[in-house]
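If you want the building blocks of each chain, they are given just below.
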Amino acid sequence: LLPRNRRILLFLVGNFCLVDSLNAGIIAASPYMVHVFGLQKQQAMLWLIPFSIGAAALGAIGGRIADAVGARRALLAAGVSVMFALLICGMTQSFALFIIVFTLLGGFGLANIWVAGRKFLIELVPPGQLGKHFGLYNVSQKLSMIGVIVFGILADLTLPGIPGGGYRLGLLSLMFMLTVGLTCIYKVKTGEWSAA
């Protein structure tokens, strides 16, 4: 059952959209590097290692950021970070810039959407209902596949004059779900728990 609390419902929808875009971007990264920048599959997979290391390191910082500025602001910052990562990575012709942005902005977004998202949900949930809402939270994480499907469809398109154009379009399309997610999170009111 969907929660009756509007703030939690907005959070769950928004967080789902953020995670969906983020997961799709991570899954798309390897084939994107192969078809847009001409890497071999093994090379593309190796470049995911610095991304994972960067995300782990930035995740440690993310907890402190959420404590300092609040979970909602930290979650919005993480979403905006992913937004810029998608925009730059989807348009740049430079593989070096792609890797730097993917690792730093994408890694920051990955780590902090998870960290700040959990912390924000704890702040929103009424007393005694944390387990139920975390169940909904976890289910929504596992159902995130919309972005992957959209990316897969668009990646097959051929755009005249743009090598790997379908892949670029597919990556940029993830910004739509991300925008919906950011809008929902932005509309979540903070403060003491209420039914509003």
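These figures come from a predicted structure and were not determined experimentally.

Conventions we followed
- What you see as residue numbers is a count from 1 along each chain, following the sequence as written.
- Since the coordinates come from a predicted model, pLDDT governs what is reported: local features require at least 70, and pairs of side-chain atoms require 80 or more to be given and counted, while whole-chain, interface and lining totals use all residues.
- Side-chain calculation: all heavy atoms of the structure are included, whereas hydrogens and water are not.
- In this text, buried Ala, Val, Leu, Ile, Met, Phe, Trp, Tyr and Cys residues form a nonpolar core when linked through side-chain atoms within 4.5 Å.
- Only protein chains enter the area calculation, which uses a 1.4 Å probe; residues under 20% of their type maximum are buried, those over 50% are exposed, and those in between are partly exposed.
- A run of DSSP states H or I qualifies as a helix once it reaches four residues; a run of E qualifies as a strand once it reaches two. Both are numbered from the N-terminal end.
- The contact criterion used throughout is that any non-hydrogen atoms of two residues lie within 4.5 Å.
- His is not counted here, nor are the chain ends, while Lys and Arg score as positive and Asp and Glu score as negative.
- The term salt bridge refers to a side-chain nitrogen of Lys or Arg lying within 4 Å of a carboxyl oxygen of Asp or Glu.
- Geometry of aromatic contacts follows a simple scheme: Phe, Tyr and Trp rings, the Trp one being its six-membered ring, pair when their centres are within 6.5 Å, and the pair is stacked under 30 degrees between planes, edge-to-face over 60, tilted otherwise.

### Quick notes on the nonpolar core
Part 1 of the reasoning: Counting 55 residues, the largest nonpolar core has F11, M33, L75, F98, I113, F120 and L171 as the members making the most contacts within it.
Part 2 of the reasoning: Within the residue set of this core, elements represented by two or more residues are α1 (6-37), α3 (48-69), α4 (71-91), α5 (95-124), α6 (130-142), α7 (146-155) and α8 (165-187).
Part 3 of the reasoning: With 15 residues, α1 is the single largest residue contributor to this core.
Part 4 of the reasoning: Setting aside residues up to four positions removed in sequence, M33 forms contacts with G38, L39, A44, W47, L48, F95, F98 and I99.

### Considerations on the side chain of R72
Part 1 of the reasoning: Looking at the secondary structure, you find R72 in helix α4.
Part 2 of the reasoning: Buried charge without a partner: R72 forms no salt bridge, and the closest opposite charge is E123, 8.8 Å away.

### Re the packing of aromatic side chains
Part 1 of the reasoning: Following the criterion strictly, the structure yields 10 aromatic pairs and no others.
Part 2 of the reasoning: Taking 5.3 Å as the distance between ring centres and 55 degrees as the angle between the ring planes, the aromatic pair formed by F37 and F98 counts as tilted. Placement of F37 in helix α1 and of F98 in helix α5 is noted, with a sequence separation of 61 residues between them.
Part 3 of the reasoning: Its relative accessible area of 2% is what places F98 among the buried residues.
Part 4 of the reasoning: Between F95 and F98 the ring centres are 6.2 Å apart and the planes differ by 15 degrees, which places this aromatic pair in the stacked class. Here the residue F95 and the residue F98 both occupy positions in helix α5, the gap between them amounting to 3 residues, near one helical turn.
Part 5 of the reasoning: Under the relative-accessibility criterion, F95 is labelled partly exposed at 21%.
Part 6 of the reasoning: Here a set of aromatic residues connected by ring pairs shows up, and it is made of Y32, F37, W47, F51, F95, F98 and F102.

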